[in-house]
Amino acid sequence: DAKTTQPTSMDCAEGRAANLPCNHSTISGNEYVYWYRQIHSQGPQYIIHGLKNNETNEMASLIITEDRKSSTLILPHATLRDTAVYYCIVRLTIKAAGNKLTFGGGTRVLVKP
Amino acid sequence: NAGVMQNPRHLVRRRGQEARLRCSPMKGHSHVYWYRQLPEEGLKFMVYLQKENIIDESGMPKERFSAEFPKEGPSILRIQQVVRGDSAAYFCASSPRRLAGGHTGELFFGEGSRLTVL
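It should be emphasised that the depicted structure is a prediction, and the values quoted were computed from it without experimental measurement.

Definitions and limits used
Residues numbered from 1 in each chain as written. Chains lettered and ligands numbered in written order. Predicted model: local features only at pLDDT ≥ 70, side-chain atom pairs only at ≥ 80, totals over all residues. Heavy atoms only, no water. Helix = DSSP H or I, 4+ residues; strand = E, 2+ residues; numbered from the N terminus. Polar contact = N/O pair within 3.5 Å; in protein donor to acceptor, adjacent residues only side chain to side chain. Contact = heavy atoms within 4.5 Å. Disulfide = S-S within 2.5 Å. Buried < 20%, exposed > 50% of the residue type's maximum accessible area, 1.4 Å probe, protein only. Salt bridge = Lys/Arg side-chain N within 4 Å of Asp/Glu carboxyl O. Pairing = 2+ DSSP bridges. Axes fitted to C-alpha atoms, helices over the stretch in contact; angles between N-to-C directions.

Caption draft 1: A look at unusual backbone geometry. Residue and element names in this part refer to chain B. Along the chain, asparagine 7 connects to proline 8 via a cis peptide bond; the corresponding omega equals 0°. Residue position: proline 8 is located in the loop between β1 (5-7) and β2 (10-13). Phi angles above zero are rare outside glycine, and arginine 64 is one such case at about 75°. Mapped onto the fold, arginine 64 is located in the loop between β6 (53-56) and β7 (65-68).

Caption draft 2: Geometry of the side chain of histidine 24 of chain A. Residue and element names in this part refer to chain A. Within the secondary structure, histidine 24 sits in the loop between β2 (18-23) and β3 (31-38). Within the structure, the side chain of histidine 24 is placed 2.9 Å from the side chain of serine 71, a separation counted as a polar contact. If near-sequence neighbours (up to four positions away) are discounted, histidine 24 is found in contact with Lys3, Thr4, Val33, Arg68, Lys69, Ser70, Ser71, Cys88 and Val90.

Caption draft 3: Examining the state of the cysteines more closely. Residue and element names in this part refer to chain A. For the structure on display, the rule yields two disulfides over all chains. The partner cysteine of cysteine 22 in its disulfide is cysteine 88, sulfur to sulfur 2.1 Å. Judged by the sign of its S-S torsion, about -80°, the cystine formed by cysteine 22 and cysteine 88 is left-handed. Here cysteine 88 lies in strand β8 (residues 84-92) and cysteine 22 lies in strand β2, a separation of 66 residues in the sequence. For the residue pair cysteine 22 and cysteine 88, the accessibility class agrees, reading buried in each case. Here cysteine 12 is not cross-linked by a disulfide; its sulfur's nearest cysteine counterpart is in cysteine 22, at 17 Å. Residue classification places cysteine 12 among the buried positions, given a relative accessible area of 11%.

Caption draft 4: Molecular detail of the pattern of salt bridges. Residues and elements named next belong to chain B. For the structure on display, the rule yields six salt bridges over all chains. The salt bridge involving glutamate 18 is made with arginine 20; its shortest N-O contact spans 2.8 Å. Residues arginine 64 and aspartate 86 are paired through a salt bridge, measuring 2.7 Å at the closest nitrogen-oxygen approach. Of this pair, arginine 64 sits in the loop between β6 and β7 while aspartate 86 is found in the loop between β8 (75-79) and β9 (88-96), placing the two residues 22 residues apart along the sequence. On the basis of relative accessible area, arginine 64 is assigned to the partly exposed category, the value being 26%. One network of salt bridges, in which partners are shared, links Glu18, Arg20 and Arg78.

Caption draft 5: Up close: the sheet that holds strand β7 (residues 70-75) of chain A. All names here are of chain A. Taken in spatial order, the four strands make up an open sheet running β2-β7-β6-β5, and their pairing is antiparallel. Only two strands of the sheet have a single neighbouring strand rather than two, namely β2 and β5 (55-56). The sheet contact formed by strand β6 (residues 61-64) and β7 spans four bridges and is antiparallel. Residue pairing for β7: isoleucine 63 is matched across the bridge by threonine 72.

Caption draft 6: Region of the structure containing the sheet that holds strand β9 (residues 107-112) of chain A. Residue and element names in this part refer to chain A. Taken in spatial order, the five strands make up an open sheet running β1-β9-β8-β3-β4, and their pairing is mixed. At either end of the open sheet lies a strand with only one pairing partner, and these are β1 (9-13) and β4 (45-50). When the angles between neighbouring strand axes are averaged without regard to direction, this sheet yields 25°. Where β1 and β9 come together, five bridges link them in parallel fashion. Residue pairing across strands places methionine 10 opposite valine 109, the latter belonging to β9.

Written out as structure tokens, the structure is:
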């Protein structure tokens, strides 16, 4: 699976959009971009994933650049409950790997009032 | 539909004892993954199992650790002769069987079992 690079930490203001960048310059054509988050002491939670098109769901939007070398997770209206570590993961979808995910260090996001 | 259930949520063991952590996947899920998170560190993959089969155990320590997912019942992560360095949160995740020509992509995680070794 391709390596990802994320900022170690970032702050954002409650009610504002939070834009979380991720670099994955070595991504290959059949690798998806996944985002998970881990709120303190809880199990990781799936947020969103995409291949090359931008994606949106009830939690967030995922913007993937045309060359697929980077992406941005957007939390449209951050709340205090969005304080968490956010993980950007690139993963192959070959059958033998199942849905195994390799977590990096992630970005520690602190939403401030 | 209940989520992934892990128990016990907290387990205290003395050095040299055995620890057994159980994971019941979501209904209809036949794939189970175990991860370990040491204090203040990231999640590390340990093992991936399907019913009665270990598919990928590349993250399992070579000694004292074993995992199973029997035909009936929960998946079990077993740690023999625990040491203080085994103190961590152990997370289980499950996913459905892959569909032909597609994938589900998502892992559903439990709330974890926190092992403390005295």
